[in-house]
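# Geometric and topological summary
Read off the chains here:
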Amino acid sequence: MKSEPDVFSIWDLMAKGTSGWDGVRNFQARNFLRAMRKGDRAFFYHSNADPPCIVGEVEIVKEAYPDPTQFDPKSHYYDDSSNPKDPRWSQVDVRFVREFPRPLTLQEIKGIKPLREMVLVTRGRLSVQPVASAEWNLIVGICGRR
DNA sequence: GCCAACGTTGGC
DNA sequence: GCCAACGTTGGC
């Protein structure tokens, strides 16, 4: 799950404990949000950061429900074409699990052969995306220790 | 700040 | 249903 740290960083989540993951306005990303199940883990990725990197781990604590910002005209994420009877956009709630002792930069990921096929690399613009279990285990193995 | 990649919109 | 125009993402 990607977020720009200037907007919402893993340290913001650490301070809050849990947070709604709102503002997703891409259908594919939304569909991946809807596929998430309570207890699932996800990486927290800092996009548009210097350097862009995987910084930690979160847990899904509430499955997809309508993202309220789509109905808030004052919100940056307001979508006047979304029908309240059939909301277009969803969010999940996530809980901070940990910040990795060693973040993994996109540049490093591209240099690790088994990670080159990650959606992160091949479909760079997708902000919520699946991670294969082999990829997950490899990354946790690298990031989990300093 | 630039720009490649690519998703979305809307005319036809 | 196609595709041009346009907007956004996100790395660099």
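Below you will find a few notes about this structure.

Cut-off values and rules
- What you see as residue numbers is a count from 1 along each chain, following the sequence as written.
- Each chain is given a letter, starting from A, and each ligand a number, starting from 1, according to the order in which they appear as written.
- Since the coordinates come from a predicted model, pLDDT governs what is reported: local features require at least 70, and pairs of side-chain atoms require 80 or more to be given and counted, while whole-chain, interface and lining totals use all residues.
- Neither water nor hydrogens contribute to the side-chain values; these are computed over all heavy atoms in the structure.
- For this analysis, a ring pair means two rings from Phe, Tyr or Trp (six-membered ring only for Trp) whose centres lie within 6.5 Å, classed as stacked if their planes differ by under 30 degrees, edge-to-face if by over 60, and tilted for the remaining angles.
- Only DSSP runs of H or I covering at least 4 residues are called helices, and only runs of E covering at least 2 are called strands; the numbering of each starts at the N terminus.
- When a residue's accessible area, from a 1.4 Å probe over protein chains only, is under 20% of the maximum for its type it is buried; when over 50% it is exposed; and in between it is partly exposed.
- Put simply, a residue is near a molecule or strand once any heavy atom of it comes within 4 Å of that molecule or strand.
- Polar contact is the term for a pair of N or O atoms within 3.5 Å; when the atoms are in protein, one must be able to donate a hydrogen and the other to accept it, and sequence-neighboring residues count only if both atoms are side-chain atoms.
- Residue polarity follows a fixed list, in which Ala, Val, Leu, Ile, Met, Phe, Trp, Tyr, Cys and Pro are nonpolar, Asp, Glu, Lys and Arg are charged, and the others, Gly among them, are polar.
- Here the arc refers to the set of directions running from the helix axis out to each C-beta atom.
- Throughout, a residue-residue contact means that at least one pair of heavy atoms, one from each residue, lies within 4.5 Å.

## Let's talk about the packing of aromatic side chains
The relative placement of two aromatic rings is captured by the distance of their centres and the angle of their planes. Counted according to the given criterion, the structure contains six aromatic pairs. Ring geometry for F8 and W21: centres 6.4 Å apart, planes at 90°, overall edge-to-face. In this pair, F8 is assigned in the loop between β1 (2-3) and α1 (10-16) and W21 in the loop between β2 (18-20) and α2 (27-35), connecting sequence segments 13 residues apart. Each member of the pair, F8 as well as W21, is classed as buried.

## Re the protein's contact with DNA strand C
Close contacts around DNA strand C come from K2, Y45, S47, N48, P52, L106, K110, G124, R125 and S127, and that covers them all. Within 4 Å of the protein, the contacting atoms of DNA strand C are drawn from sugar and phosphate to the extent of 71%. Residue K2 places a side-chain N or O atom 3.3 Å away from a phosphate oxygen belonging to DNA strand C. K110 has a polar side-chain atom sitting 2.8 Å from a phosphate oxygen of DNA strand C. A breakdown of the residues in the surface near DNA strand C according to their chemical character gives three nonpolar, four polar and three charged.

## Overview of α2
Listed as buried for α2 are A29, R30 and L33. One side of α2 holds all its buried residues, which, seen down the axis, span an arc of 100°. The secondary structure elements touched by the buried residues of α2 are β4 (53-66) and β5 (90-105). Capping the start of α2, N26 holds a side-chain oxygen 3.0 Å from the backbone nitrogen of Q28, two or three residues further along.

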